[in-house]
Amino acid sequence: MISYSLTEIIIRHSYYTVILLFLTILITIVLMKYQVKSETKQQEHQLRREWEEIG
């Protein structure tokens, strides 16, 4: 009876750990994509400024 509840706790704990890990990875991917988007926008602005200077 005790060992059964212990394994149940371990299984639940690992289940929550997997969920947390998945969420962390998802958030990291979203943040990286957002960062890349903001960087490309900055590069676009820089290119426009350079073209305006040339033109």
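My aim in this report is to walk through the structure given alongside it, one point at a time. Bear in mind the structure is a predicted one, so any value in this text is a computation, not a measurement. (Residues numbered from 1 in each chain as written. Predicted model: local features only at pLDDT ≥ 70, side-chain atom pairs only at ≥ 80, totals over all residues. Heavy atoms only, no water.)

### Focus on the overall build of the protein chain
Then, number 1: Helix and strand content of the protein chain: 1 helix and 0 strands.
Then, number 2: Relative to the compact-globule value of 10 Å for 55 residues, the protein chain shows a C-alpha radius of gyration of 24 Å, a clear excess of over 25%.
Then, number 3: Dimensions of the protein chain along its principal axes, counting C-alpha atoms only, are 80 × 5 × 5 Å.
Then, number 4: When burial is assessed residue by residue, the protein chain has 0% of its 55 residues classed as buried. (Helix = DSSP H or I, 4+ residues; strand = E, 2+ residues; numbered from the N terminus. Rg over C-alpha atoms; globule rule 2.2 N^0.38 Å. Buried < 20%, exposed > 50% of the residue type's maximum accessible area, 1.4 Å probe, protein only.)

### Details of a nonpolar patch on the surface
Then, number 1: There is a patch of nonpolar side chains on the surface, built from Tyr15, Tyr16, Ile19, Phe22, Leu23, Leu26, Ile27, Val30 and Leu31 and spanning about 940 Å² of accessible area.
Then, number 2: By the secondary structure assignment, tyrosine 16 is in helix 1 (residues 2-54).
Then, number 3: Of the residues examined, tyrosine 16 reaches a relative accessible area of 54% and is grouped as exposed. (Patch = residues over 30% accessible without salt bridge, like charges linked within 9 Å, V, L, I, M, F, W, Y side chains within 5 Å. Areas by Shrake-Rupley, 256 points an atom, 1.4 Å probe, with all protein chains shown as cover. Salt bridge = Lys/Arg side-chain N within 4 Å of Asp/Glu carboxyl O.)

### Things to note about the environment of arginine 48
Then, number 1: With respect to the element layout, arginine 48 can be found in helix 1.
Then, number 2: For arginine 48, a relative accessible area of 51% gives the class exposed.
Then, number 3: Considering only alpha carbons, one finds arginine 48 and threonine 7, 41 residues apart in sequence, at a separation of 61 Å.

### Topic: the pattern of salt bridges
Opposite charge on two side chains allows them to pair when their charged atoms are near.
Then, number 1: The full count for this structure, using the stated rule, is 1 salt bridge.
Then, number 2: A salt bridge links glutamate 8 to arginine 12, with the shortest nitrogen-to-oxygen separation between them at 3.5 Å. Here glutamate 8 pairs with arginine 12, and both are found in helix 1, just 4 residues apart, close to one helical turn.
Then, number 3: Taking relative accessible area as the criterion, glutamate 8 reaches 31% and is therefore assigned partly exposed.

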